[in-house]
Structures are given as C-alpha cells and as structure tokens.
Amino acid sequence: MEQKELKIAVILNPKSIGILRKIKGVTASQLAERMFIGHSTLMKVESGFTPITDLMNVRLWKGLAGLGYSVEEIYLLDAFVKHKGGVVDEAA
C-alpha cells in the first residue's frame, strides 16, 4: 500500500508559533507533547534555528488547531506577522 505525503502549502513563520502558543497560555512543553516531538526540537523551530520541514509544518498546524484555533485564525495571524516583518528565512 502506497503512503501519500501530507503537505500544507503555507509554512508557518517561527515567530507566529510562539505568538499563537503564548496567546493561549500554553507552554512549549505542552505544545510539543501534542505534536509528539521533543521540547528542545520545538524551541529550536520557534527560534528559527532549524528550518520547518513539511512534516513539522503539518504537526504544527494540527497542534495549534488542537489548542482551539481555527485554520483561518492561524493563517491570518501568520500573514500578519510576515507582513509586519517577522520573516526569519522565507527563502529556505
């Protein structure tokens, strides 16, 4: 059986992840637990130290949606952060 790779066209900005997480009052450990990744991995992604892969992006969207955000809210805040200069490394 062939496994299809899930991709989301919009890669989240690392600064958006921290902002969305802090608005809900969720620690990095709690979000990392929801995403089934290590706390240090999430902190590296939030700081922009490591690039966001396709799989990580899908986990971020699912994790943030699990906190109670709608897809539209995540997309709008991410677009606002990118517009206001929160771009860390969009070429990567």
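Residues numbered from 1 in each chain as written. Predicted model: local features only at pLDDT ≥ 70, side-chain atom pairs only at ≥ 80, totals over all residues. Heavy atoms only, no water.

A. Inspection of the side chain of Asp78 at higher detail. Relative to the assigned elements, Asp78 resides in helix H5 (residues 71-83). Side chain to side chain, Asp78 and Ser16 meet in a polar contact 2.8 Å long. (Helix = DSSP H or I, 4+ residues; strand = E, 2+ residues; numbered from the N terminus. Polar contact = N/O pair within 3.5 Å; in protein donor to acceptor, adjacent residues only side chain to side chain.)

B. Representation of the pattern of salt bridges within the structure. Enumeration over the complete set of coordinates arrives at two salt bridges. With a closest N to O distance of 2.7 Å, Glu46 and Arg21 form a salt bridge. Remark: Arg21 occurs in helix H1 (residues 14-23) and Glu46 occurs in helix H3 (residues 39-47); sequence separation between them is 25 residues. By relative accessible area, Arg21 is classed as buried at 8%. Across the salt bridge formed by Lys82 and Asp78, the nearest N and O atoms sit 3.2 Å from each other. Taken together, the residues Lys82 and Asp78, both in helix H5 and four residues apart, mark about one turn of the helix. Residue classification places Asp78 among the buried residues on the basis of a relative accessible area of 2%. (Salt bridge = Lys/Arg side-chain N within 4 Å of Asp/Glu carboxyl O. Buried < 20%, exposed > 50% of the residue type's maximum accessible area, 1.4 Å probe, protein only.)

C. Fine view of the nonpolar core. If you look at the biggest cluster of nonpolar residues, it comprises 19 residues, and the most contacted ones within it are Ile17, Leu31, Leu42 and Leu60. Those elements that provide at least two residues to this core are H1, helix H2 (28-35), H3 and helix H4 (54-66). (Core = buried A, V, L, I, M, F, W, Y, C linked by side-chain atoms within 4.5 Å.)

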